[in-house]
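Secondary and tertiary structure notes
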Amino acid sequence: MLDDPDDIHPLFYGAPKSTEFKKLRKRIVQHVREAIDQYRMVEPGGKWLVCLSGGKDSYTLLAVLHELKWRGLLPVELLACNLDQGQPGFPATVLPEFLEKMGVPHRIEYQDTYSIVVDKVPQGRTFCALCSRLRRGNLYRVAREEGCTAVVLGHHRDDILETFFMNLFHGGRLATMPPKLVNEEGDLFVYRPLAHVAEVDCEKFATAMRYPIIPCDLCGSQDGLQRQQVKQILDGWERNSPGRRQVMFRALTNIRPSHMLDPKLFDFSELSLGASDPDGEIPVLR
């Protein structure tokens, strides 16, 4: 059974026994395994710093990674980490108590980035960019101190889609958050194992497991966020055409450089008559 103490990691104790939940759990685990395998995230002797915010996404990430490790399918060391950013009213005891109860190796790091963000960001502007930059810098530092090879984040499929459209609408570029990258210093991997997982599945999973969700009161409550606007657009498309999000996500994995306009990706100057399309669709000048 799903909640058999002898057959599952403590993070799954008390899991619902319904067929619906079993399918949900299986789907999430399969999607995470697909992303880990497809983007070759497992490196020999790896140690992952699993970043835990206390939101539904990071709880889902933590549980699935520990299940895979419990089953012998993820041969890396896992260290959960929460960065307490000094936000007023943040329930500082929730995560340490939860992680202790679940027997999850962890580190709680306190850095008052909240005061810096509030001081530096002009009134009326959103906090996200500076908050994210400060948070990421501290997590990289913690990863180095703990001898980790990778920083693992809880961004899911919908985060990746929203970032793509934010770059398209506001940044004038086609880009998003990749499932795997190397940081600027070149000493740490950054992984997003939830890359194929839908946000709604994370929400259903964390709710069903009754994990102690901590909302982000710093930036999540601000009005006028570009990400909120993009999310509303995608929600509308999904309502009018169910499955649209997955189709758009699949497009991000099926890019044809010769059918775009960036000469840095495709050498249009070398086109000549008589050759076939490198993507196998139509004749081109080559």
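First, a word on scope: everything that follows refers to the structure included in this document. This one's a predicted model, so the numbers in the text were calculated from it and none came from an experiment. Each chain carries its own residue numbering, running from 1 in the written order of its sequence. Note on the predicted model: pLDDT of at least 70 is required for a residue's local features to be given, and 80 or more for side-chain atom pairs to be given and counted; whole-chain, interface and lining totals, by contrast, use all residues. Think of the side-chain values as coming from all heavy atoms in the structure, minus any hydrogens and water.

The geometry of an aromatic ring pair is captured by two quantities: the separation of the ring centres and the angle between the planes. Side-chain rings of Phe, Tyr and Trp (the six-membered ring for Trp) are treated as a pair once their centres are within 6.5 Å; stacked means planes under 30 degrees apart, edge-to-face means over 60, and tilted covers the remaining angles. In total, this model carries twelve aromatic pairs according to the counting rule given. On the numbers, 5.2 Å between centres and 80° between planes, the contact of Tyr59 with Phe98 is edge-to-face. Taken as a pair, Tyr59 in helix α2 (residues 56-70) and Phe98 in helix α3 (residues 94-102) lie far apart in primary sequence, 39 residues in all. When a residue's accessible area, from a 1.4 Å probe over protein chains only, is under 20% of the maximum for its type it is buried; when over 50% it is exposed; and in between it is partly exposed. Exposure remark for Phe98: the relative accessible area of 8% places this residue in the buried category. Judged by centre distance (4.9 Å) and plane angle (70°), the ring pair of Phe266 and Phe268 falls under edge-to-face. By relative accessible area, which is 13% here, Phe266 ends up buried. Through successive ring pairs, a cluster of aromatic residues spans Phe12, Phe21, Tyr59, Phe98, Phe205 and Tyr211. Above the face of the Phe12 ring, Arg25 is positioned so that its terminal group lies 4.7 Å from the ring centre. Runs of H or I in DSSP of at least four residues are treated as helices and runs of E of at least two as strands, each being numbered from the N terminus. Here, a charge over a ring means that NZ of Lys or CZ of Arg falls within 6 Å of the ring centre while also lying within 35 degrees of the ring normal.

So, about the packing of α2 against helix α7 (residues 199-209). Running from N to C, α2 and α7 point in directions that differ by 75°, and their axes come no closer than 8 Å. Taken together, the axis directions place α2 and α7 in an arrangement best described as roughly perpendicular. Touching Lys56, Asp57, Thr60 and Ala63 of α2 are Glu199, Cys202, Glu203, Phe205 and Ala206, all from α7. Considering only residue class, the contact of α2 with α7 consists of four nonpolar, one polar and four charged. Interaxial angle, 0 to 180 degrees, is taken between N-to-C directions of lines fitted to C-alpha atoms, where a helix line uses only the stretch in contact. Under this scheme an angle from 65 to 115 degrees is roughly perpendicular, one under 35 degrees roughly parallel, and one over 145 degrees roughly antiparallel; angles in between are oblique. Every residue pair with non-hydrogen atoms within 4.5 Å of one another is taken to be in contact. Asp, Glu, Lys and Arg are counted as charged, while Ala, Val, Leu, Ile, Met, Phe, Trp, Tyr, Cys and Pro are counted as nonpolar; the rest, among them Gly, fall into the polar class.

Time to look at the pairing of strand β2 (residues 77-84). Along β2, seven of the eight residues are buried, which leaves the element largely enclosed by surrounding structure. A pair of strands is considered paired only if DSSP assigns at least 2 bridges between the two. Where strand β1 (residues 47-51) meets β2, five bridges bridge the pair, whose relative direction is parallel. In the sheet register, Lys47 faces β2, and the bridge partner there is Glu77. Handedness is read with the strands pointing away from the viewer; a crossover is right-handed when the path from the first strand over the helix to the second is clockwise. Tracing the backbone out of β1, into α2 and back to the parallel element β2 gives a crossover that is right-handed.

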